[in-house]
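Descriptive analysis of the structure
Chain by chain, the residues:
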Amino acid sequence: MVNNSKKTEWILRIALFGEFLGHGIFALQLKARFIEMLVAFFGFIGINLATNSANVIMYVIGAADVLTAILALIFPFRLLLAWASLWAFLTALARPIAGDPMWDFVERWANIGVPLALLYIRGLPKKARDWFR
């Protein structure tokens, strides 16, 4: 019988998979709102991003999100989970930067919390090599 900790870990792994797979597929489809947010985010940090460049970056983001989704299921190593938390934070933050209400950022805190909770369950790394376990 699987203990509750393992069940909880699998629930979080599946949730992380769904979150990143869904966002990755939207990015690969060049969802218009994602492109708008990307251009706005780059503008916020002082970089004027052309549409063609935004499309290329969005394809890379989509591929990275799909890879993150797959790895979350088969091998959710700690560095991946830290990355997923940071990336979820940045993408949530892109919403108000692109003109959406602040509540669109707040509403996405679960996207940040899922990989953080999974990282906590797996244990914070004590050595550099532990980031890859």
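Residues numbered from 1 in each chain as written. Predicted model: local features only at pLDDT ≥ 70, side-chain atom pairs only at ≥ 80, totals over all residues. Heavy atoms only, no water.

What to know about the packing of aromatic side chains
Rules: Under the pairing criterion, centres of Phe, Tyr and Trp rings, with the six-membered ring standing for Trp, must be within 6.5 Å; the plane angle then separates stacked pairs below 30 degrees from edge-to-face pairs above 60, leaving the rest tilted. A 1.4 Å probe rolled over the protein chains alone gives each residue an accessible area, and that area as a share of the maximum for its type sets the label: buried under 20%, exposed over 50%, partly exposed in between. Put simply, a charge is over a ring when the Lys NZ or the Arg CZ is close to the ring centre, within 6 Å, and near the line of the ring normal, within 35 degrees.
Tallied over the entire structure, the rule returns six aromatic pairs. A centroid spacing of 6.1 Å and a plane angle of 85° characterise the contact between F26 and F34, whose relative ring orientation is edge-to-face. The class of F26 is partly exposed, set by a relative accessible area of 37%. Consider the rings of F75 and F77, whose centres lie 5.5 Å apart with planes at 35°: the pair is tilted. Residue classification places F77 among the buried residues on the basis of a relative accessible area of 15%. Grouping aromatic residues by their ring pairs yields a cluster made of F75, F77 and F132. One Lys or Arg, R13, reaches over the ring of W10 and ends 3.9 Å from the middle of that ring. We note K31 situated over the ring of F26; from NZ or CZ to the ring centre the distance is 4.2 Å.

Treat this as a map of the structure, not an account of what it does.
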